[in-house]
Amino acid sequence: MTQRSRIDADGPEPGGPSIDAGAELDPVHPRKLPKSALAPRASGLTTAEVAERVARGEVNDVPVRSSRSLTEIVRANVFTRFNAIIGVLWLIMLFVAPFQDSLFGYVIIANTGIGIIQELRAKKTLDALALIGEAKPTVRRDGTAAAVSTTEIVLGDLVELGPGDEVVVDGEVAEADSLEIDESLLTGEADPVPKQPGDPVMSGSFVVAGGGAFTATKVGREAYAAQLAEEASRFTLVNSELRNGISTILKYVTWMMIPTAIGLVISQLVVKDNDFKDSVARTVGGIVPMIPEGLVLLTSVAFAIGVIRLGRKQCLVQELPAIEGLARVDVVCLDKTGTLTEGGMDVAELRPLGGSDESYVQKVLGALGESDPRPNPSLQAIIDAYPDNEDWRCTESLPFSSARKYSGASFSEGDGESSTWLLGAPDVLLPTGDATLAEIDQLNDQGLRVLLLARAAGDLDAPLAGAGAQPAALVVLEQRLRPDAADTLRYFDEQNVHAKVISGDNAVSVSAVAGKLGLPGAQNTVDARRLPTEQAAMAVSLDANSVFGRVTPRQKRDMVGALQSRGHAVAMTGDGVNDVLALKDADIGVSMGSGSEATRAVAQIVLLNNSFATLPSVVAEGRRVIGNITRVATLFLTKTVYSVLLAILVVCSQVEYPFLPRHLTLLSTLTIGVPAFFLALAPNKERAKPNFVRRVMRYAIPAGTIAAAATFCTYLLARSHYSGPGSLDAETSAATLTLFLVSMWVLVIIARPYTWWRVCLVAAMVACFLLVLVVPWLQHFFALKLVGTTMPWGAVGIATAGAALLEVAWRVVDRRFAA
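Residues numbered from 1 in each chain as written. Predicted model: local features only at pLDDT ≥ 70, side-chain atom pairs only at ≥ 80, totals over all residues. Heavy atoms only, no water.

1. What about the overall build of the protein?
- A tally of regular secondary structure across the protein gives 29 helices and 21 strands.
- Per-residue burial for the protein yields a buried fraction of 58% across its 819 residues.
- Accessible surface, the protein: about 32000 Å² in total, of which carbon and sulfur atoms supply 58%. (Helix = DSSP H or I, 4+ residues; strand = E, 2+ residues; numbered from the N terminus. Buried < 20%, exposed > 50% of the residue type's maximum accessible area, 1.4 Å probe, protein only. Areas by Shrake-Rupley, 256 points an atom, 1.4 Å probe, with all protein chains shown as cover.)

Written as structure tokens, this is what we have:
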């Protein structure tokens, strides 16, 4: 009976060597299968014991939510500081003014409702996708191993572990087979920790080498990382420059609004001897537009719609700021295997070396394949090509290590002979200058992957088991290129995002694959073993080259740090345990859905369809959200600036506030609300830039100042032009016309570059305003009626001058105050 069939008879053995999986480790001691695999294994809990624990509530029932609850969504959208202010003002207007002066309250209700609905849609999408990407740990019950949901684990369950598996609950090691666990996500310590039976393991850590099993000792909310896991996967808008910038703006707006509003109240209610209700209405009309309430709601809606759009493409956004972060990325680091190439591989050729017998080499490869219960794509290709060898028995195995670059096993060959074999990177197992390396380089130049089979000179226990190994054969593997990889790389190049291929494979082979896919600079190839260790020098080499081979996990992490030291925003893709350290340190970590549980746990974005081609959609969605929110934020804050300045001018001049709430509701709807909604959802390919607050305010301040000055000039001229009953309504109408035209010109500038729908949008808003001016019942409803011809044309002239000043201001800002 072969080693594989003997293991399978008892259930899958945890752990096992893996060609690609691993982390930066020193060579570890080999596994001695006769002492571990053949020993009696614990059978785990019985079905009856599981039922008892479920009845007692000893279940891992912590709800790992991918989104906020319904209550939290409603609370976050309804109970805001500005909604409270507007709500109080709305109640006041319902009692003292006509219905049309309280329209602003209904607009807020509509906006809040839209925000809630969109976030509920995003919640539904996230919850569904989270179930697809949920980890399924293997639990041994009644002697049989089966994958279960994390919420089905009970106290005392025996949970199996293998390379890349995440420890989902706290426990105590029951079986250890060269088991090493990375606890860096919990402790910050990057070095793996060897585990023996009796040692504790904590939820949130993951296996980097070997295998074993542990008994669950803490489940549910008692588990160490339960709360951290819940927070990490929750729908959130925190830690975002965009959100933080908006919060900063709102904080300053609040401080400006309070004294200005107090001055306006005193001016309109005490100093001016007007009708009380009219004074209250005009006071409220001055306060309401100071609040950029729609900006927060529109940002939430834009993010929520982004999640829905990406969800339809099987992309799970575990942290919403990742959409924004990937939009800011200018360097994306790609792992060749699983990203540019498909998981499957084929044995293209077997080349015996040194007179080795090919049939004997095939037996060795078949035995090596059978010695690993968790074969990776490279070893699976060997298993598919060479059948099981019934006579050979594995007596010892050496797990793969990314630092070592090979794995191995010892066999009893059935005829009394014993042998020890290594399988791994030829340039590591062969001495420098070996003639075979030239032959391998030729194969690598063709984009083929080459593994060396060598007979070990000593025992696997030796610290350097590969020293003096005798080459036996070259195993030539052909990788399957992803059909969409070339288009994806072309997209990044067009968007000025530099792609860096970082792989543990031979540099020449990686370069050949990158060249086939059309990667710019694929010919600039570096063997990472020759990279400088000093960060500044490494950063220079990284900027100058595009393809890096023989990269260790530690180097991947260092390379991310070196790129960041040069001011780059770095995204890192990966699917193996050896990618975790780099994924953690990158600005944005992207994991494949089929990747290890550890990579999915630390990544902000998980591509559930395992398609690298989804990344352009994520980048495009992020750029759309960030670019468009920056656009519309200028509209909202221009309104805030001119509202505050108008209030100050009114207080200083001791005149009636020129507008009623209905006027500013109409203006806000036509020049900000409706246009902002469409602009926020429009395509936008511009790479997101930092300094959100500076970028927005450098336009909003001059635009708001010009709008306030032009409007107040018109108002003062109208006050000197009109007299008698109804003069205030005529003055308000003239001032409203100027403010509308200047605000519309701000929209005209923001809408650039023009497309047919943007032109139609602006034209539609102008048409709606003209409709209000010419339809009698709309004139009455909004209290707008232009009197005479002199003052209305004067208002248009002042607005034209304001528009010209806006154009000049925009150019000066672009030239002198670049963000």
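2. Let's talk about unusual backbone geometry
- A cis geometry characterises the amide bond from Arg752 onward to Pro753, with omega recorded as -5°.
- In this fold, Pro753 is placed in the loop between helix H26 (727-750) and helix H27 (756-774).
- Notably, Asn496 is not glycine yet its phi reads approximately 60°, a positive angle.

3. Some details on the sheet that holds strand S18 (residues 547-549)
- Strands sit in the order S8-S21-S20-S19-S9-S16-S18-S17 across an open sheet of 8 strands; the sheet is mixed. The open sheet terminates on both sides in strands that have one partner only, identified here as strand S8 (315-317) and strand S17 (525-527). When the angles between neighbouring strand axes are averaged without regard to direction, this sheet yields 20°.
- Note: strand S20 (residues 588-592) against strand S21 (residues 605-607), 3 bridges, orientation parallel. Following the sheet pairing, Ser591 is matched in S21 by Val606. (Pairing = 2+ DSSP bridges. Axes fitted to C-alpha atoms, helices over the stretch in contact; angles between N-to-C directions.)

4. Some remarks on the packing of aromatic side chains
- Considering all chains together, one arrives at 10 aromatic pairs under this definition.
- Ring centres of Tyr657 and Phe659 lie 6.1 Å apart, and the angle between their planes is 75°; this geometry places the pair in the edge-to-face category.
- Ring plane angle 85° and centroid distance 5.8 Å describe the contact between Phe677 and Phe678, whose orientation is recorded as edge-to-face.
- When its relative accessible area of 42% is taken as the criterion, Phe678 is described as partly exposed.
- Chaining the aromatic ring pairs together yields one cluster made of Tyr360, Trp392, Phe411 and Trp421. (Phe/Tyr/Trp six-rings, centres within 6.5 Å; stacked < 30°, edge-to-face > 60°.)

5. Focus: the nonpolar core
- Ranked by internal contacts, the top residues of the largest apolar core, which has 126 residues, are Leu326, Ile605 and Phe769.
- The element that contributes the greatest number of residues to this core is helix H23 (residues 615-653), accounting for 16 residues.
- Excluding anything up to four places from it in sequence, Phe769 contacts Leu666, Leu667, Leu670, Thr736, Leu737, Phe740 and Leu784.
- Membership of the second largest hydrophobic core comes to 24 residues, among which are Ala562, Val570, Met572 and Val580. (Core = buried A, V, L, I, M, F, W, Y, C linked by side-chain atoms within 4.5 Å. Contact = heavy atoms within 4.5 Å.)

6. Regarding the packing of helix H19 (residues 535-544) against helix H20 (residues 553-565)
- Between H19 and H20, the shortest axis-to-axis distance is 8 Å and the interhelical angle comes to 85°. Compared by their axis directions, H19 and H20 come out roughly perpendicular. Of the residues in H20, those in contact with Gln535, Met538, Ala539, Leu542 and Asp543 of H19 are Asp558, Met559, Gly561, Ala562, Leu563 and Ser565.
- When its residues are assigned to classes, the contact of H19 with H20 shows 6 nonpolar, 3 polar and 2 charged. (Parallel < 35°, antiparallel > 145°, perpendicular 65-115°, else oblique. Nonpolar A, V, L, I, M, F, W, Y, C, P; charged D, E, K, R; others polar.)

7. Considerations on the confidence of the model for the protein
- Averaged over the protein, the pLDDT score is 79; the fraction of residues at 70 or greater is 84%.
- Ignoring residues within four places in sequence, the model shows residues 1-39, a span with pLDDT below 50, making 135 contacts including any to other chains. (pLDDT = per-residue confidence, 0-100.)

8. Some words on the pattern of salt bridges
- Counted under the stated rule, the structure contains 19 salt bridges.
- With a closest N to O distance of 3.9 Å, Glu731 and Arg719 form a salt bridge. In this pair, Glu731 is assigned in helix H26 and Arg719 in helix H25 (residues 692-721), connecting sequence segments 12 residues apart.
- The exposure class assigned to Glu731 is buried, which follows from its relative accessible area of 5%.
- Arg719 gets classed as partly exposed once you look at its relative accessible area, which sits at 30%.
- Through salt bridges with shared partners, a single ionic network connects Asp427, Asp527, Arg529, Arg530 and Arg550. (Salt bridge = Lys/Arg side-chain N within 4 Å of Asp/Glu carboxyl O.)

9. What to know about the pairing of strand S3 (residues 158-161)
- Burial along S3 is two-sided: Leu158 and Glu160 and Val159 and Leu161, pointing in opposite directions, are all buried.
- Relative to S3, strand S1 (residues 138-141) runs antiparallel, the two sharing 3 bridges. Among the inter-strand pairings, Arg140 is bridged to a residue of S3, identified as Leu158.
- Sheet topology note: the S3/strand S7 (residues 206-218) ladder contains 4 bridges and is antiparallel. Residue pairing in the sheet places Glu160 in a bridge with Ala213 of S7.

10. Let's talk about the pairing of strand S9 (residues 331-334)
- Every second residue of S9 is oriented toward a common face, with Val331 and Cys333 on one face and Val332 and Leu334 on the other, all of them buried.
- Taken together, the 4 bridges between S9 and strand S16 (residues 498-502) define a ladder with parallel strand orientation. Looking across to S16, one finds that Leu334 is bridged to Val501.
- With 3 bridges connecting them, S9 and strand S19 (residues 570-574) associate as parallel partners. For Val332, the partnering residue across the bridge sits in S19 and is Ala571.

11. Describing the side chain of His663
- Along the polypeptide, His663 turns up in helix H24 (residues 661-680).
- Discounting chain neighbours no more than four positions away, the residues touching His663 are Thr732, Thr736, Phe782, Ala783 and Leu784.

12. A short note on the packing of helix H16 (residues 435-445) against helix H18 (residues 507-516)
- Running from amino to carboxyl end, H16 crosses H18 at an angle of 20°, the nearest separation of the two axes being 7 Å. As far as their axial angle goes, H18 and H16 are roughly parallel. The crossing of H16 and H18 is right-handed. Between H16, through Asp441, Asn444 and Asp445, and H18, the contact on the second element is made entirely by Val508, Ser509 and Ala512. (Left-handed = near helix turned anticlockwise from the far one by under 90°.)

13. Regarding a negative patch on the surface
- A cluster of acidic residues, Asp388, Glu390, Asp391, Asp415 and Glu417, forms a negative patch on the protein surface.
- One can find Asp415 in the loop between strand S12 (406-412) and strand S13 (418-424).
- Owing to a relative accessible area of 56%, Asp415 belongs among the exposed residues under this scheme. (Patch = residues over 30% accessible without salt bridge, like charges linked within 9 Å, V, L, I, M, F, W, Y side chains within 5 Å. Lys, Arg positive; Asp, Glu negative; His and termini not counted. Charge placed at Lys NZ, Arg CZ, Asp CG, Glu CD.)

14. Looking at the side chain of Glu656
- Along the chain, Glu656 turns up in the loop between H23 and H24.
- For Glu656, a relative accessible area of 13% translates into the label buried.
- Only 2.8 Å separates the side chain of Glu656 from the side chain of Arg719, close enough to count as a polar contact. (Polar contact = N/O pair within 3.5 Å; in protein donor to acceptor, adjacent residues only side chain to side chain.)

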